[in-house]
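Overview (structure and organization)
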Amino acid sequence: MGSHPERLPNPTTPAGREGLDAVLARPDRAVVALDFDGTLADIVPDPEQARAHPGTVDALAALAPKVAAIAVITGRPAGVAVRYGGFAGVPGLEHLVVLGHYGAERWDAVTGTVRAPAPHPGVAAVRAELPGVLHDVGAWNGTWIEEKGQALAVHTRRAQDPQAAFESLRGPLGELAAQHGLIVEPGRLVLELRPPGMDKGVALTGFVAGLDAESVIYAGDDLGDLAAFAAVEKLRSEGPDGIPGLLVCSGSAEVPELAERADLSVPGPAAVVDFLAALADRL
C-alpha cells in the first residue's frame, strides 16, 4: 500500500463525483464491486501464479463492514479467485461474495460454498479440438491453454510476438466457439471461449438489484469489464431513480477503451488497494 492511503482520489467527471458522494453519504446502501486479475492482482505471465496484491485483504476487511456489500466479479472460477485472493476465513469479510465465470458461479463467504451450473457441453468439445486448431494456425509455440472448468482461455503473452499471435487467433477461435455454441471473450493477450448469456454487466446489475443498493463502485482493467462499465452507466441514466456510480480503471496502457470511460484512473492494483483503504478510512 502507498504512503498516504488516507488520501481519497477525486474523480475527474461529474458523474463519478456524484457516485462517490453518494457512497460517502450512505455507505450502508453502497455496493463495491471489483475485478480480480489486473485490478486486485497484478498481471503475471502465468495466470496460475496470480495472487491478490499485498494489502488487498486488509483493505477489503476494513471496508466491507462499512458498506452494503463487496463483490469480486471475475472470469476465473469462483473457487480459484477465492484461493488466489486469500479471501476465505478472514474476519470482516464474512459477507464477501465472489461471482466467478462472469457471474455464472457464486461463492459466499458466509457459507464457504460455491453454487455453479452444469457445464456447457460445448466446452468439452472445444477442449478436445483446441490443440489441433492452435497447431493448424501455427500459433502453438508460446501460447498456453488455461483450463477454467466451465471455460477455456488461450494466452499469448509468452509468444514471441504476443499481439500478432493474439490477432491471428481471433478468427479461428471465434469460428471454433461458434461451432459449439460458445462465445469468445477477448482480454489482455487472452481469448476466452465460454458459454453465452452471462457477462460482468449482467452479474453486476443482478447483484445491485438484489441488495436494493443506492450507489455502486466498479473497478476493472480489461475488455471484459466494459460490460460492467456499461451496466453502471445504464444504472446512472435511469432518470430520477437512477443509481449513482463511480467507474474506476486500474491501469490504462493496454486497454484505453476502459480508461476513456472511467471516472477515475489509477495505475494498477497497488493503487486500487490504496483507494479501497482510503475509502475505508474516510468512512
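The rules behind these values
- Residues numbered from 1 in each chain as written.
- Predicted model: local features only at pLDDT ≥ 70, side-chain atom pairs only at ≥ 80, totals over all residues.
- Heavy atoms only, no water.
- Pairing = 2+ DSSP bridges.
- Helix = DSSP H or I, 4+ residues; strand = E, 2+ residues; numbered from the N terminus.
- Axes fitted to C-alpha atoms, helices over the stretch in contact; angles between N-to-C directions.
- Contact = heavy atoms within 4.5 Å.
- Core = buried A, V, L, I, M, F, W, Y, C linked by side-chain atoms within 4.5 Å.
- Buried < 20%, exposed > 50% of the residue type's maximum accessible area, 1.4 Å probe, protein only.
- Salt bridge = Lys/Arg side-chain N within 4 Å of Asp/Glu carboxyl O.
- Phe/Tyr/Trp six-rings, centres within 6.5 Å; stacked < 30°, edge-to-face > 60°.

Section: the sheet that holds strand β7 (residues 152-155)
With respect to topology, four strands assemble into an open sheet ordered β6-β7-β9-β8, the strand pairing being antiparallel. Where the open sheet ends on each side, the last strands, each with one partner, are β6 (144-147) and β8 (183-186). Going from strand to strand, the sheet's axes swing by 25 degrees on average, the running direction of each strand aside. As paired strands, β8 and strand β9 (residues 190-194) are joined by four bridges and run antiparallel to one another. Residue E185 lies in a different strand from β9, and its bridge partner there is E192. Along the sheet face, helix α4 (residues 121-137) touches β6, β7 and β9 and points at about 20 degrees away from the line of β7. Packed onto the sheet, helix α5 (residues 162-179) meets β7, β8 and β9 and runs at close to 5 degrees relative to β9.

Quick look at the nonpolar core
L34, L40, I70, F87, L93, V98 and L276 are the most contacted members of the largest nonpolar core, which totals 45 residues. The element best represented in this core is helix α9 (residues 269-282), accounting for nine residues. Setting aside chain neighbours within four positions, we find L34 in contact with L40, L60, I70, A71, V72, I73, Y218, A219, V272 and L276. In terms of nonpolar packing, the next biggest core, distinct from the first, is built from 24 residues, I73, V208, I243 and C249 among them.

Quick word on the pattern of salt bridges
For the coordinates displayed, the defined rule picks out 16 salt bridges. Its salt-bridge partner being R127, residue E147 comes within 2.8 Å of it at the nearest N-O pair. With E147 in strand β6 and R127 in helix α4, this pair connects stretches of sequence that are 20 residues apart. For E147, a relative accessible area of 45% translates into the label partly exposed. Classification of R127 by relative accessible area gives partly exposed; the value is 34%. Measuring nitrogen to oxygen at the nearest pair gives 2.6 Å for the salt bridge that ties K148 to E192.

Observations regarding the packing of aromatic side chains
Applying the stated criterion across every chain yields a total of two aromatic pairs. Measuring from centroid to centroid gives 6.2 Å for F36 and F87, while their planes differ by 85 degrees, and the two rings are edge-to-face. Here the residue F36 occupies a position in the loop between β1 (30-34) and α2 (56-63), and F87 occupies one in the loop between α3 (78-85) and β3 (97-100), the gap between them amounting to 51 residues. Since its relative accessible area comes to 0%, F36 is described here as buried. The class of F87 is buried, set by a relative accessible area of 0%. On the basis of an interplanar angle of 90 degrees and a centroid distance of 6.2 Å, the ring pair of Y218 and F229 is categorised as edge-to-face. Residue Y218 is found in strand β10 (residues 215-220), and its partner F229 is found in helix α7 (residues 226-237); the two are separated by eleven residues along the sequence. Here Y218 and F229 have matching classes, each one buried.

Focus: the environment of P131
Here P131 is to be found in helix α4. For P131, a relative accessible area of 34% corresponds to the partly exposed category. Separated by 13 residues in the primary sequence, P131 and W144 place their C-alpha atoms 9.8 Å from one another. Contact partners of P131, with chain neighbours within four places excluded, come to W140 and I145.

Any functional reading would require information beyond the geometric quantities listed.
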